[in-house]
Amino acid sequence: MIVIENLCKQFGKLQALKNVNLTLSAGACIALVGPNGCGKTTLMKSILGMALPDKGTILFDGKDIKNEFAYRSRIGYMPQIGRYPDNMTIKQVIDMIKHLRHYPENQTDKDLITRYQINDLAHKRMSTLSGGTTQKVSAVLAFLFNPDVYILDEPTAGLDPIAAEILKDKIMEEKAKGKLILISSHLLNELDELITELIFMQDGEVLFHKKTDDLRNETGEAKISKTITNMLKKQMS
Amino acid sequence: MNRITQFVLTDIFRNKIMIAYTALLAVFSWSAFTLENNSQKGLLTLLNIILLTVPLVSVLFSTIYIYNSSEFIELLVSQPIKRGKIWFSIFTGLSISLALAFLLGAGVPLLLYASIGMFGLVAGMGVLVSVAFTAIAFFSAIFTRDKAKGIGISVLLWLYFALLFDGLVLFLLFQFADYPIENAMVFITALSPIDLARILILLQLDISAMMGYTGAIFKQFFGTALGFSISVLLLCLWTAIPFALSLYRFQHKDL
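About the thresholds
- Residues numbered from 1 in each chain as written.
- Chains lettered and ligands numbered in written order.
- Predicted model: local features only at pLDDT ≥ 70, side-chain atom pairs only at ≥ 80, totals over all residues.
- Heavy atoms only, no water.
- Pairing = 2+ DSSP bridges.
- Helix = DSSP H or I, 4+ residues; strand = E, 2+ residues; numbered from the N terminus.
- Axes fitted to C-alpha atoms, helices over the stretch in contact; angles between N-to-C directions.
- Left-handed = near helix turned anticlockwise from the far one by under 90°.
- Contact = heavy atoms within 4.5 Å.
- Nonpolar A, V, L, I, M, F, W, Y, C, P; charged D, E, K, R; others polar.
- Buried area = accessible area lost by both parts, 1.4 Å probe.
- Salt bridge = Lys/Arg side-chain N within 4 Å of Asp/Glu carboxyl O.
- Polar contact = N/O pair within 3.5 Å; in protein donor to acceptor, adjacent residues only side chain to side chain.
- Patch = residues over 30% accessible without salt bridge, like charges linked within 9 Å, V, L, I, M, F, W, Y side chains within 5 Å.
- Areas by Shrake-Rupley, 256 points an atom, 1.4 Å probe, with all protein chains shown as cover.
- Buried < 20%, exposed > 50% of the residue type's maximum accessible area, 1.4 Å probe, protein only.

**Q** Help me get a handle on the sheet that holds strand β4 (residues 55-60) of chain A, residues and values and all.
**A** Residue and element names in this part refer to chain A. Ordered by their spatial adjacency, four strands build an open sheet running β2-β1-β4-β5, and the pairing between neighbours is antiparallel. Unpaired on one side and paired on the other, β2 (14-24) and β5 (63-64) mark the two borders of the sheet. Bridge analysis of strand β1 (residues 2-11) against β2 gives seven bridges, and the strand direction is antiparallel. From the neighbouring strand, Leu 7 faces β2, where its bridge partner is Val 20.

What follows is the structure in structure tokens.
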């Protein structure tokens, strides 16, 4: 569904992405892992057209996304740190995005709004919200328009265990619908039951991109976090 | 009108600075006209105040507004909306509100105290100058992420156009006083939107007769329909060029 070819991105002297080649197909739930600053967020932002690559192409359903914008209506994006206009209330932010999207109201997915009880907080200004509540708003916005692709950047960071569990359940449901889900996270244990593929990045390069079942077979470990350390050791030697 | 512009407009109408700006312009204009019984004198007083405050408020308010909307812009960029549309809609919203503030504050007394033709001219110039300095604000805000630096650039640009430019022109005038530079002066005026607006208005007042030989040359150029149209076009270019440059930069920026 998304094909990335020879993607390069430089920020000043820092090479954030080096020749990244990836194929992300529908129905997969892919974890994007790697140390801090390895280019995970840059890669996600490039797919969204927020960061513009220096070289390489990104194809969304076979179409180059360069100078395109309509494809973004099929992506639900949850940023690592959601930044919203301070003087708007939660309701205003959600309503504004709904207006801008021209999406039929009766088809929106209000599941997370109810589960997170956002309506009780609807009149709070964004500047008064805690980090966790802001994160909940980001989650609501990402899931509101039934997108085909989810790009979730550290979705559970800052959420309390109950909220994180709700989000995980929601991701599972969407995965069951055959949607493409791309998650970056450091909490590997949380991902165990969720993901079907794993991409490991380091210093802007993709070290490996494998199915989790293959990883488990190759390394003989059951836990994802163990398989990664195992794989890394193997690559070192 | 598109929804982003609508949103920006409702946001600005609640802004206290905008209300204060409208009130300030109203106080200046009403006092300029009511204290002078000669409407020409009143207009002249008003002109000087307008040509200092309108560019300053337009450029500063817009720059600060752009920086404060960085979250809003980031949110919109991840949505299925063209980048150019986002930038242009915010520009339209800011321009409309600054122009409206000017028309409400200074336009109403102008309409009551000055002739209808004069009202049209001054109101038109005020709107054009507001929009041009909004565009200049977009230009200075796009090049740096640092809010303090961006505001600094805007203030410097305003300082240049409002004060330094006149000083430079005067300096040139003195240095080359022995040469026939009148035609060159007409060209140099085009290099500042404030001076363009000032000369266009001054020439319509009776005092233009006192501006000597250069004044006569100015009148010969700016007084004709062609000269007038060219100057209005130049004022529009002062909007179009800075905005186009900022738009190009915005479309190639990582957010």
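**Q** Mind laying out the packing of helix α7 (residues 212-219) of chain A against helix α8 (residues 224-236) of chain A, listing which residues take part and the relevant values?
**A** All names here are of chain A. Between α7 and α8, the least distance of the axes is 10 Å, while the angle of their chain directions is 65 degrees. The interaxial crossing formed by α7 with α8 has left-handed handedness. On α8, the residues that touch Thr 212, Leu 215, Arg 216, Glu 218 and Thr 219 of α7 are Ile 224, Thr 227, Asn 230, Met 231 and Lys 234. Among the residues forming the contact of α7 with α8, the class breakdown is three nonpolar, four polar and three charged.

**Q** Describe the interface of chain B and chain A, naming the residues involved and giving the relevant values.
**A** Opposite the 23 residues of chain B that make contact, chain A presents 27 residues. Of the roughly 2,200 Å² buried at the junction of chain B and chain A (both faces included), carbon and sulfur atoms supply 58%. Close ionic contact of Lys9(A) with Asp254(B) constitutes a salt bridge, the shortest N to O distance being 2.7 Å. Taken together, the links from chain B to chain A amount to 14 residue pairs in polar contact (both at pLDDT 80 or more). Of all the secondary-structure elements, those providing two or more residues to the side of chain B that touches chain A are α1 (3-13) and α4 (70-77) of chain B. With seven residues, the top contributor of residues to the side of chain B that touches chain A is α4(B).

**Q** With reference to specific residues and values, describe the sheet that holds strand β7 (residues 149-153) of chain A.
**A** Residues and elements named next belong to chain A. Across the sheet, six strands lie side by side as β6-β7-β8-β3-β9-β10; this open sheet has mixed pairing. Both outer strands of the open sheet, β6 (75-78) and β10 (205-211), are each paired with one neighbouring strand and no more. Adjacent strand axes in the sheet meet at a mean angle of 15 degrees, parallel and antiparallel pairs treated alike. Sheet strands in contact with helix α1 (residues 40-48) are β3 (29-33), β6, β7, β8 (180-184) and β9 (197-202), and its direction is about 145 degrees off that of β7.

**Q** Describe a nonpolar patch on the surface, listing the residues and the values that go with them.
**A** Residues and elements named next belong to chain B. A surface patch of nonpolar side chains, about 480 Å² in accessible area, is lined by Trp 30, Leu 104, Val 108, Leu 112 and Tyr 113. Along the polypeptide, Tyr 113 turns up in helix α5 (residues 83-113). Since its relative accessible area comes to 35%, Tyr 113 is described here as partly exposed.

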